[in-house]
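# What the coordinates show
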Amino acid sequence: MNGAFSISDLPQGTFLVNISYVGYASISQNITLTENTVMNFYLDDNPTELHETVITGLSSSGDKNRTPTPIDVVSAKQLQQNASSNIIDAISKMPGVSQVATGPAISKPVIRGLGFNRVVVVDDGIRQEGQQWGDEHGIEIDEFAANTIEILKGPASITYGSDAMAGVVNILPAPSLPDGTVTGNFKNNYQTNNGAMASSLNCAGNLRDITWDARYSHKQAHDYFNRYDGGVFDSRFTQNAGEAMIGVNGSWGYSHLSVSAFHLETGIVEGVRDSATGNFIKQVAVNDSTIADSLVNDNDLHSYQMTTPYQDIRHYKTALNSNFVLGNGMLKTIFGFQQNQRKEFGDVLNPDQYGLYFLLNTFSYDVRYVFPEKNDLQFTAGVNGMQQHSMNKGIEFLVPEYSLFDAGAFVTARKSWKKLDVSGGIRFDIRDEQTMDLYLSANGTAIENPDSTSIHQFTAFHSTFNGFAASLGASYQLPNSFYLKANASRGFRAPNIGELASNGVHEGTIQYMIGDPHLKAENSLQFDFAVGTEQKHLTAEVDVFSNSISNYIFAQKLNSINGGDSIRDGFQTLKFTQGNAILNGGEATIDLHPHPLDWLHFENSFGFVIARQKNVPDSMRYLPFSPAPIYRSEVRTDFDKCGKNLRSVYLKFELEDHFAQNHYYSAFHTETATPAYLLLNAGFGGDVTVNDQVLCSVFFSVNNIADVAYQDHLSRLKYADENYVTGRTGVYNMGRNFSLKLNIPLYIKKTKVN
């Protein structure tokens, strides 16, 4: 209350301190600690926008506006105020960020038109590895555990290695509490469209530098609804997640041990309909050997129980994250183990028998040394990588069993002058992938001793890929609160196991996939340029980029000898191929906050990318799964106080204008155009206080107010079966959805300030 603060057990060195308070201009300042230090900070009551502090891709924290690489930050406040169905959905409103979705439970991030294995997702320092090659495989992370999310756009982060060609999504937990504090929270969320019910209980504390954090979350939903399809059968899901961290802090550094378990059961939307009525149908077992089609009824659509087909996904993770102070430098180490179990159930006659079953074990490591800062020069060197082994435990086969070894070494440097910051680095990666032979008998079962009648499902191969990545950029602070940023970066990505060796049906994609073991590694060269300003009444930034990729890998449909779709096992067939691509685009953001009306914000953003292949016919000109341009506009009011018992009250109205996507990969009927659509959203909320202590926080929002029926260009369900009654192809996205969040803080023990 009186502004006093104390931070103890800090090592010697230089640190970036950020001080902020609602309604005041924030301060970011480097301080050098050599002994006990007393510092006073005075905040200006001109509430200009926050100077955001970021860590992604840097050796240490830095001011976002002084970082040459393009980075966006999704704050805890934004995560609370927006309704979402999963953690990737929660960040997809940022300019330049999209999602490839297979229903509400499964989303993959897309950054500036690049997705799948080109985006690395990092959770509390650990690179997420859960069958990342799968297009319809989601991110096995509890959205309730995320406090802040940083999104680095492009291959500028050389500390994350292969697969970070498109960028990095870094999910950060809440910071450790002050010594002598124990708190908790109980979060709840209900969404009307699919009856989603979610809750999460957390307890965290720090007593005598022993810190801990534990959370359990549960979420379940029935099938979602829209105006055209009604209820979308089998889009339901159930999710359970738990995690715990315990660690010790001190002037020598810190060491934190964390464990987590994630379990998701989600239906697989096939979109099969009755030809006479257009209603969804399901398969039912008439007896032990007979299957019949049955019309889906209202009770089916509102059921929370899993029905065939569905996925059962389990992800277990253990990580030891440490930071040791060595003289004036720091040694940072992260060692992690992950196990991913992914099963698909599709046999109505034998519902407990899984078809596909992937079991993936991953050991990862990251060791880096941050050298002592001298003359505003920061220097870091390190190595990181992983060892993987994947096994097929099922009776169906999509990719072979394989082993993967990945290693990389890097150095980064950053030099600061008064107005100029220059940073860059270089990295070398090597990735070794080795697969196993697989023979099947005439009835499709795996055999060890093949004969002349056996089917050679997978042919063993051994491939090694290596390449360099590099980055160099600068930012310059101009007069009158303007700044310039420029960056050039080279990225490298080795083909994944699905691209190299797929040969089978994947229920989740409604496709038969074929890989190519002769694919080459991708290499990219990207240039970024940005100009921005932070004024008393205005915050704005414009970013443009050009990204040239050689050996770009993508999947295209195969045609039969008669000219139609190639059909295998009843599914359309796609094969991975590659070409040379160039992606050009950019993002623009502007926030008007005219003072003295400092409670009013008018925020606007626009993002687009044009992704093309070079030297190909017109039907192959545009890359598949390229997001359409999106313009977003939001009018928001924020009040620090509203009456005696309301704090941090907000009210917002949002418009999302998704442009038509007429730039699509039309060759072999791989993709179709997507019409434009307009969505309206709104929300309000705030903190309820008693005696200046928050009793609870309430967040209410509604998405798609007009209940528009639309298909996102990146939705995989867009290519489900045709409804012969209406003539519409595929399944549509979620309709109008109301969301209510209630957060209750738990005050167990508060720190005392002397």
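Now for a look at the structure at hand.

### As for the overall build of the protein chain
Scanning the protein chain from N- to C-terminus turns up four helices and 46 strands. Taking 27 Å as the expected radius of gyration for a compact globule of 754 residues, we find that the protein chain reaches 26 Å, a close match to that expectation. Along the first, second and third principal axes, the C-alpha atoms of the protein chain reach 80 × 55 × 50 Å. Pairs at least 24 residues apart make up 66% of the contacts formed inside the protein chain by residues separated by at least 6 positions. In the protein chain, which carries 56 positive and 78 negative side-chain charges, the distance between the mean positions of the two groups comes to 6 Å.

### Section: the pattern of salt bridges
Inspection of every chain in the model, using the stated rule, returns 30 salt bridges. The residue Arg118 makes a salt bridge to Glu522 at a minimum N-O spacing of 2.7 Å. On the criterion of sequence distance, the pair formed by Arg118 in the loop between strand S8 (114-115) and strand S9 (119-123) and Glu522 in strand S35 (residues 522-534) is long-range, its members being 404 residues apart. Take Arg118 and Glu522: they sit in the same class, and that class is buried. Through salt bridges with shared partners, one network takes in Asp72, Arg112, Lys153, Asp528 and Glu587.

### As for the side chain of Gln191
Inspection of the secondary structure puts Gln191 in strand S13 (residues 181-191). A relative accessible area of 6% places Gln191 in the buried class. Polar side-chain contacts of Gln191 include one of 3.1 Å to the backbone oxygen of Ser84. Within the local environment of Gln191, its side chain forms a polar contact with the side chain of Asn189, the two groups lying 3.0 Å apart.

### With respect to the sheet that holds strand S28 (residues 438-440)
Read across the open sheet, the three strands follow the order S29-S28-S30; overall the sheet is antiparallel. Two strands bound the open sheet, and with one partner strand each, they are strand S29 (446-447) and strand S30 (455-458). With two bridges joining them, S28 and S29 adopt antiparallel strand pairing. Among the inter-strand pairings, Tyr439 is bridged to a residue of S29, identified as Ile447.

### Regarding unusual backbone geometry
Put simply, Thr308 and Pro309 share a cis peptide bond, and its omega is 0 degrees. Residue position: Pro309 is located in the loop between helix H3 (298-301) and strand S22 (310-326). Notably, Asp209 is not glycine yet its phi reads approximately 70 degrees, a positive angle. Inspection of the secondary structure assignment puts Asp209 in the loop between strand S14 (196-207) and strand S15 (210-221). Here the phi dihedral of Ser648 falls at roughly 50 degrees; this positive angle occurs in a residue that is not glycine. You can see Ser648 is positioned in strand S41 (residues 646-658).

### Brief notes about the sheet that holds strand S6 (residues 97-101)
Taken in spatial order, the three strands of this open sheet run S6-S7-S8, and their pairing is antiparallel. Here the strands that pair on one side only, and so sit at the sheet edges, are S6 and S8. For S6 and strand S7 (residues 107-111), the ladder comprises five bridges, and the chain directions are antiparallel. Its bridge partner being in S7, Val97 is matched across the sheet by Ile111.

### A word on the pairing of strand S21 (residues 291-295)
Across five bridges, strand S20 (residues 281-285) lies against S21 in antiparallel orientation. Counted as the bridge partner of Gln283 is Asp293 from S21. Hairpin connection of S20 to S21: five residues between the antiparallel strands.

### A few points about the nonpolar core
Of all hydrophobic cores here, the largest spans 32 residues; its most connected members are Ile91, Ile149, Ile151, Val169, Ile171 and Leu583. When sequence neighbours within four positions are dropped, the list of residues in contact with Leu583 reads Arg112, Gly113, Leu114, Phe545, Ser546, Asn547, Ile549, Val609, Ile610, Ala611 and Leu623. Counting residues in hydrophobic clusters, the runner-up holds 23 residues, among them Leu356, Phe358, Leu404 and Ile497.

### Focus: the pairing of S6
Of all five residues in S6, five are buried, a share of seventy percent or more. Of the two faces of S6, both are covered, the one formed by Val97, Gln99 and Ala101 as well as the one formed by Ser98 and Val100.

### Things to note about empty space enclosed by the protein
Under the definition given, this model contains 14 cavities of 30 Å³ or more. In this structure, the largest cavity occupies an estimated 840 Å³ of space. Lining the largest cavity are 44 residues; nearest its centre among them are Asp89, Ser92, Gln99, Tyr710 and Asn733. If you list the elements that add at least two residues to the lining of the largest cavity, you get helix H2 (87-91), S6, strand S40 (630-641), S41 and strand S42 (677-690). In terms of residue count, S6 provides more of the lining of the largest cavity than any other element does, four residues in total. In terms of residue class, the lining of the largest cavity is built from 18 nonpolar, 21 polar and five charged.

### Overview of the packing of aromatic side chains
Within the structure shown, the criterion is met by 19 aromatic pairs. Measuring from centroid to centroid gives 5.3 Å for Phe684 and Phe700, while their planes differ by 40 degrees, and the two rings are tilted. Of the two residues, Phe684 sits in strand S42 while Phe700 sits in strand S43 (residues 693-703), which places them 16 residues apart along the sequence. An aromatic cluster is built from Tyr310, Phe345, Tyr354 and Tyr357, whose rings are joined through pairwise contacts. Positioned above the aromatic ring of Trp417, the side-chain terminus of Lys415 is 5.4 Å from the ring centre. Taking NZ or CZ as reference, Arg728 lies 3.6 Å from the ring centre of Tyr228, over its face.

Reading the values: rules and limits
- Residues numbered from 1 in each chain as written.
- Predicted model: local features only at pLDDT ≥ 70, side-chain atom pairs only at ≥ 80, totals over all residues.
- Heavy atoms only, no water.
- Helix = DSSP H or I, 4+ residues; strand = E, 2+ residues; numbered from the N terminus.
- Rg over C-alpha atoms; globule rule 2.2 N^0.38 Å.
- Contact = heavy atoms within 4.5 Å.
- Lys, Arg positive; Asp, Glu negative; His and termini not counted.
- Charge placed at Lys NZ, Arg CZ, Asp CG, Glu CD.
- Salt bridge = Lys/Arg side-chain N within 4 Å of Asp/Glu carboxyl O.
- Buried < 20%, exposed > 50% of the residue type's maximum accessible area, 1.4 Å probe, protein only.
- Polar contact = N/O pair within 3.5 Å; in protein donor to acceptor, adjacent residues only side chain to side chain.
- Pairing = 2+ DSSP bridges.
- Core = buried A, V, L, I, M, F, W, Y, C linked by side-chain atoms within 4.5 Å.
- 1 Å grid on protein atoms, 1.4 Å probe; cavity = no way out; pocket = protein on both sides within 12 Å on 5 of 7 lines; lining within 4 Å.
- Points joined across faces, edges and corners; volume = space filled by probe spheres on them.
- Nonpolar A, V, L, I, M, F, W, Y, C, P; charged D, E, K, R; others polar.
- Phe/Tyr/Trp six-rings, centres within 6.5 Å; stacked < 30°, edge-to-face > 60°.
- Lys NZ or Arg CZ within 6 Å of the ring centre and 35° of its normal.

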